[in-house]
Amino acid sequence: MTVHDPKIIVALDFHDAAAALAFADKVNPALCRLKVGKELFTAAGPALVEQLVGRGYEVFLDLKFHDIPNTVAQAVKVAARLGVWMVNVHASGGRKMMLAARDALDGEPNRPLLIAVTVLTSMDGADLAEMGMPEPAVQVPLLARLALECDLDGVVCSAQEAFVLKKLCGSDFKLVTPGIRPLGSAAGDQSRVMTPEAALEAGADYLVIGRPITQSADPVATLQSIHASLAAI
Ligand SMILES: O=C(O)c1cc(=O)[nH]c(=O)n1[C@@H]1O[C@H](COP(=O)(O)O)[C@@H](O)[C@H]1O
């Protein structure tokens, strides 16, 4: 199956480069984009990212930078030079941090999309309340507006917030949604979940899916069946 501009970003949450490359060899860049997060990056580092880019994949480097503005700005600049397609920061790092990150990417010949994590999809209202924050339905739009004002390209949010955010932030503002669970798959540590079909219908631009694909007995068949379910939408 070949998909133009695949909406699925597979989270390569593997322990080592060999497992990640074995997965990358089974699929292809027309079928999915790939995400390298903290586990795999800590194990395999920038060399693995460059290998995936070299194989033609659009890579989302998900290191969720959250630090003082200068540190984050320099980190996203280095990420851009790895040739990644997308990189993220935490919106809760604030306006000055996001503006510094955005400015740092100006002039980079291969500027990746810069997006901000709003509220992690593992968190619910009770988690936020004990940190003195309002519920996701309030906090996510607030952080998404801030990211938009900082001229970021989009946010990471739950698909549960996608419909509201598309109206609030406009159709060009990318909504990247983890916490995607096909019917019947375990939620695990995710709280704000949605099926792939409902997420796309709600306005999500990209669906981040990890364990339901990578831990499936036949990951390629699972990926293709999710694509088939999306094709009708
Ligand atoms: O930035 C992310 O990618 C991210 C943000 C978020 O709010 N929630 C979230 O689950 N993620 C990532 O998305 C992936 C979800 O994986 P699964 O829960 O296995 O589908 C993981 O790699 C997470 O690190």
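Computed from a prediction, not measured in an experiment: that's the story for all the values here. (Residues numbered from 1 in each chain as written. Predicted model: local features only at pLDDT ≥ 70, side-chain atom pairs only at ≥ 80, totals over all residues. Heavy atoms only, no water.)

1. Quick notes on the site of the ligand
Taken together, 18 residues lie around the ligand, and Asp13, Lys35, Thr121, Arg181 and Arg211 are the ones closest in. Side-chain polar atom of Thr121 to a nitrogen atom of the ligand: 2.7 Å apart, as the coordinates give it. Between an oxygen atom of the ligand and a side-chain N or O atom of Arg181, the distance comes to 2.8 Å. Burial of the ligand by the protein amounts to 90% of the accessible area it has alone, namely 510 Å². Assessed atom by atom at 2 Å from the grid points, the ligand resides in the largest pocket. Those elements that place two or more of their residues in the shell around the ligand are β3 (59–65), β8 (206–209) and α9 (211–214). Looking at side-chain class alone, the shell around the ligand contains 8 nonpolar, 4 polar and 6 charged residues. (Near = heavy atom within 4 Å. Polar contact = N/O pair within 3.5 Å; in protein donor to acceptor, adjacent residues only side chain to side chain. Areas by Shrake-Rupley, 256 points an atom, 1.4 Å probe, with all protein chains shown as cover. 1 Å grid on protein atoms, 1.4 Å probe; cavity = no way out; pocket = protein on both sides within 12 Å on 5 of 7 lines; lining within 4 Å. Sits in = over half its atoms within 2 Å of the grid points. Helix = DSSP H or I, 4+ residues; strand = E, 2+ residues; numbered from the N terminus. Nonpolar A, V, L, I, M, F, W, Y, C, P; charged D, E, K, R; others polar.)

2. Description of helix α2 (residues 38–54)
Spanning 17 residues, α2 covers only 20 Å between terminal C-alpha atoms, well under the ideal 24 Å at 1.5 Å per step. Buried residues of α2: Leu40, Gly45, Leu48, Val49 and Leu52, and no others. The secondary structure elements touched by the buried residues of α2 are α1 (17–26), β2 (33–36) and β3. (Expected span 1.5 Å × (residues − 1). Buried < 20%, exposed > 50% of the residue type's maximum accessible area, 1.4 Å probe, protein only. Contact = heavy atoms within 4.5 Å.)

3. Details of the side chain of Glu161
Position of Glu161 among the secondary structure elements: in the loop between β6 (154–156) and α7 (162–169). Setting aside anything within four residues of it in sequence, one finds Glu161 in contact with Pro136, Val140 and Arg192.

4. A short note on the nonpolar core
Val76, Val89 and Met98 are the most contacted members of the largest nonpolar core, which has 69 residues in total. Setting aside chain neighbours within four positions, we find Val76 in contact with Phe65, Val87, Val89, Ala101, Ala104, Leu105 and Leu114. In terms of nonpolar packing, the next biggest core, distinct from the first, is built from 11 residues, Ala11, Met86, Ile115 and Val156 among them. (Core = buried A, V, L, I, M, F, W, Y, C linked by side-chain atoms within 4.5 Å.)

5. Topic: the layout of surface pockets
One number sums up the size of the largest pocket: a volume of about 540 Å³. If you trace the largest pocket, you find 26 residues lining it, with Asp13, Lys35, Asp62, Lys64 and Gln190 closest to the centre. When contributions to the lining of the largest pocket are tallied by element, the ones reaching two or more residues are α2, β3 and β8. No other element matches the 3 residues that β3 contributes to the lining of the largest pocket. Grouping the amino acids of the lining of the largest pocket by side-chain chemistry returns 10 nonpolar, 7 polar and 9 charged. (Points joined across faces, edges and corners; volume = space filled by probe spheres on them.)

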